[in-house]
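# Examination of the molecular architecture
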Amino acid sequence: MKTKSKLGRGIFATVCLAALFFLASCSRSGVDSAAANQVLTNSNSHQQYALYLFEDGKITVNKTLTFFTNPNQSPADIAEEQEEQLAQINEHLQAEFPKSKALTAADIGTMHTFEVTNAQVIIDQEKKEVRMTGNDFEKVFKMADNNDKRLSDDEQNEYEFSYDEK
């Protein structure tokens, strides 16, 4: 009786380990380097351009942010509108990079670089997403339905994605 019980536990443990290994290998891939380069900007996004580059356990992010402008507004209205937009930009930036300093109006329009250490890229074909993580950072991109080299972010900006596996 004890032999059947031990055999049953052994088979159960083996099946569980095999299933866990299978799920881990399906969801994650060992990525050596990767790049997500913004190719299409959502007209409702302040992000004009972004490049996420993963190499050597580090993610470098280059971003250019912009104000929405209406040339028919008065200078006073433009200044007030930009102040409101700057608050939105900083709120979104702080959510993505908690340790970044707040931007001023003079910072808008120039490229900003952010460094993320202890980073990794996880490609999950099952969930159809690419997750970039690191110290105080997590960015999730969704894959296009028919193209896993085309990603979109939470603002619906689109990216071209390339990567090399280990």
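Being a predicted model, the structure only gives us computed values, none of them experimental.

Turning our attention to the confidence of the model for the protein chain. Looking at the protein chain, pLDDT values average 87 and 83% of them are 70 or higher. Taken element by element, the protein chain is modelled with least confidence in helix H1 (residues 2–27), mean pLDDT 49, and with most confidence in strand S3 (residues 58–65), mean pLDDT 98. Across residues 15–28 the pLDDT falls below 50, and counting only partners more than four positions away or on other chains, this stretch makes six contacts in the model.

With burial as the criterion, only one face of strand S4 (residues 111–116) is covered, namely that bearing His-112, Phe-114 and Val-116; the residues Met-111, Thr-113 and Glu-115 on the opposite face remain uncovered. Sheet topology note: the S3/S4 ladder contains six bridges and is antiparallel. Among the inter-strand pairings, Val-61 is bridged to a residue of S4, identified as Phe-114.

Let's shift gears to the packing of aromatic side chains. Taken as a whole, this structure holds six aromatic pairs when the rule is applied. Geometrically, the ring pair formed by Phe-97 and Phe-114 is stacked, given 4.3 Å between the ring centres and 10° between the ring planes. One end of the pair, Phe-97, is in the loop between helix H2 (75–96) and S4; the other, Phe-114, is in strand S4, and 17 residues separate them in sequence. Considering the side-chain rings of Phe-97 and Phe-137, the 5.4 Å spacing of their centres and the 20° angle between planes classify their relative orientation as stacked.

Right, let's talk about a negative patch on the surface for a bit. Side chains of Asp-32, Glu-55, Asp-56, Asp-164 and Glu-165 sit close together on the surface and give a patch of like negative charge. With respect to the helices and strands, the residue Glu-55 is situated in strand S2 (residues 47–55). Overall, the relative accessible area of 43% leaves Glu-55 in the partly exposed class.

The rules behind the values
One numbering rule holds for all chains: residues counted from 1, following each sequence as written. Only residues with pLDDT of at least 70 are given local features in this predicted model, and only at 80 or more are side-chain atom pairs given and counted; all residues enter the totals for whole chains, interfaces and linings. Working from all heavy atoms in the structure, the side-chain values ignore hydrogens and water. What pLDDT conveys is the predictor's confidence in a given residue, as a value from 0 to 100. A run of H or I in DSSP counts as a helix once it spans at least four residues, and a run of E counts as a strand once it spans at least two, with each numbered from the N terminus. Contacts are assigned to residue pairs that have any heavy atoms within 4.5 Å of one another. Burial here depends on accessible area, computed with a 1.4 Å probe over protein chains only, as a share of the maximum for the residue type. Under 20% is buried, over 50% is exposed, and the range in between is partly exposed. Paired strands, in this sense, are two strands between which DSSP finds at least two bridges. The pairing test for Phe, Tyr and Trp rings, Trp by its six-membered ring, is centres within 6.5 Å, and the orientation test on the planes gives stacked under 30 degrees, edge-to-face over 60, and tilted for anything in between. Note on patches: the residues involved have over 30% relative accessible area and no salt bridge, like charges join within 9 Å, and the nonpolar side chains Val, Leu, Ile, Met, Phe, Trp and Tyr join within 5 Å. For the area figures, the Shrake-Rupley method with a 1.4 Å probe applies, and any residue is considered shielded solely by the protein chains shown. For salt bridges, the criterion is a side-chain nitrogen of Lys or Arg within 4 Å of an Asp or Glu carboxyl oxygen. Here Asp and Glu are counted as negative and Lys and Arg as positive; His is not counted, and neither are the chain ends. The atom standing in for a charge is NZ when the residue is Lys, CZ when it is Arg, CG when it is Asp and CD when it is Glu.

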